[in-house]
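Here is what each chain is made of, one letter per residue.
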Amino acid sequence: MMLGNLFGAGLVPSQNMYDPMTSQRVILQRNANYVLRVRAGPDMANLQTIDVNYERTPLKIDSRYFKGYITVRVFGFNGLMADPCHPPPAQAEYFANGFSRKALYSIQMVGQFQGLHNLTADDIMFGNYFDQRLPLPPFSGLFEWFMRRMDRTLALDMKSDNPSATSPLLSTVQKLSYWKGDLHGSARADVPEVNNRVLREMHPIDGAFDEHGRVAEYFPIKNTLNKDSKKRRRYFEKTSHRQKWKVKSSDVYACDFFSPFIDVNHQCVRMPNAVVEPMPFFDGDMPLRYECRTRDGRHTFFVVQFELIPASRTRPLSSIQNRPRRQYRDSGYEREILDPPPPYSAEQ
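### Here we look at the sheet that holds strand 8 (residues 164–168)
Link 1 in the chain: Strand order across the open sheet formed by 7 strands is 2-1-17-16-6-8-7, with antiparallel pairing between neighbours. What marks the edges here is a single partner per strand, and that holds for strand 2 (48–49) and strand 7 (155–157).
Link 2 in the chain: Pairing between strand 7 and strand 8: 3 bridges, direction antiparallel. Looking at the pairing, Leu156 lines up with Ala165 of strand 8.

This is the structure we're talking about:
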């Protein structure tokens, strides 16, 4: 369980928790002052902007420690894209059939962990990492106690200069499929829109993805095929079970991590009781970063970072069709403008 699920459960309150008018005003000002950008890569030194919600262009990573594809989806995304020719789609096919009630964003990984000997499920950690101290609310120790009660595998370090909240990858992702690299599924005549490139190139075993193209729960436990994600997560709560599971470089893993609470597109948390709160620990100076590392922190497999770019660093452009576009001056990326110019100046 990452920080997002804890926000949604109401365990990490914001300063405006009991003032809905102030919360709404903060959210509106953030939306006016910032534009969302998503970057990913094999490590922090090699991040690149990715095309969110585009199934045909997942980010390919081929590094020393990980080889595979990263796909990020954001419900209602209207941010910066890597390719100026790719305006944000109105809605990703991933969120069809009411799936947006389960996920407001998704980080999907399909690939192989390589380059390390004797790697086990207990060695691969996934979660949030920060580069500065967090403004923790009062009684934060009580909230940490609740966090550990909700996720017994959680490794929490919230008070250091570089805070983190991580869990073993195989016990925290909502959906997980696994197959050996020398095994392939049957030929597919009709590939779903979701994950179409991954389904064509990775040749997953039958059952690894559902009929809609999303990652399915397809993981063996004690030599028995398991299709219940709760059972798999409970199984990997035990350290001994994680240490027995060997992660081989020839094996392929497909993981989908999503949250029904965090709305990164509007920088807010949507709680089950319909209360909407500004998202803590996520602003122009503090990105929301997910990393997959070894437990000792020496090796990084992949990074996905949600960033808020000041709207003042974008400028309107005129395309060939005279349609208004916006360019990010630092990199040359453009995006379709679907909203009016920001009514607020950039935050100082």
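### Some details on the nonpolar core
Link 1 in the chain: Of all hydrophobic cores here, the largest spans 48 residues; its most connected members are Phe113, Leu169, Tyr253 and Phe306.
Link 2 in the chain: When residues in this core are grouped by element, the largest group, 5 residues, is from strand 17 (residues 300–310).
Link 3 in the chain: The contacts of Phe306, once residues within four sequence positions are left out, are Leu36, Arg37, Val38, Val72, Val74, Tyr105, Ile107, Val264, Phe282, Pro287, Leu288 and Tyr290.
Link 4 in the chain: Residues Val110, Met202, Val252 and Ala254 belong to the second largest nonpolar core, which totals 12 residues.

### Things to note about unusual backbone geometry
Link 1 in the chain: Even without being a glycine, Asn195 presents a positive backbone phi close to 60°.
Link 2 in the chain: Looking at the secondary structure, you find Asn195 in the loop between strand 9 (175–180) and helix 5 (196–202).
Link 3 in the chain: Phi is positive for Lys222, which is not a glycine, with a value near 55°.

### With respect to the packing of aromatic side chains
Two measures describe an aromatic ring pair: the distance that separates the ring centres and the angle between the ring planes.
Link 1 in the chain: Under the defined criterion, the tally for this structure stands at 22 aromatic pairs.
Link 2 in the chain: Both rings, one in Tyr235 and one in Phe236, keep their centres 5.3 Å apart while their planes meet at 75°; by these two values the pair is edge-to-face.
Link 3 in the chain: Between the NZ or CZ atom of Arg293 and the centre of the ring of Tyr129, over which it lies, the distance is 3.9 Å.

### Some details on the environment of Lys227
Link 1 in the chain: Here Lys227 is to be found in the loop between strand 11 (224–226) and helix 6 (229–235).
Link 2 in the chain: Exposure remark for Lys227: the relative accessible area of 61% places this residue in the exposed category.
Link 3 in the chain: A C-alpha to C-alpha distance of 9.4 Å links Lys227 and Lys175, two positions 52 residues apart in sequence.

The rules we used
The written sequence of each chain sets the order in which its residues are numbered from 1. Local features are withheld for residues below a pLDDT of 70 in this predicted model, meaning they are given only at 70 or higher, and side-chain atom pairs are given and counted only at 80 or more; totals for whole chains, interfaces and linings count all residues. Note that water and hydrogens are dropped before the side-chain values are worked out from all heavy atoms of the structure. Any two strands between which DSSP finds at least two bridges are classified as paired. Secondary structure is summarised from DSSP: a helix means a run of H or I of at least four residues, a strand means a run of E of at least two, and numbering begins at the N terminus for each. Nonpolar core, defined: a set of buried Ala, Val, Leu, Ile, Met, Phe, Trp, Tyr and Cys residues in which side-chain atoms within 4.5 Å join the residues together. Burial classes follow relative accessibility: with a 1.4 Å probe on protein chains only, a residue under 20% of its type's maximum area counts as buried, one over 50% as exposed, and anything between as partly exposed. Any two residues whose heavy atoms approach within 4.5 Å at even a single point are treated as in contact. Centre distance within 6.5 Å is the pairing criterion for rings of Phe, Tyr and Trp, where only the six-membered ring of Trp is used; planes under 30 degrees apart are then read as stacked, over 60 as edge-to-face, and the remainder as tilted. A ring is scored as having a charge over it whenever the NZ atom of a lysine or the CZ atom of an arginine sits within 6 Å of its centre and within 35 degrees of its normal.

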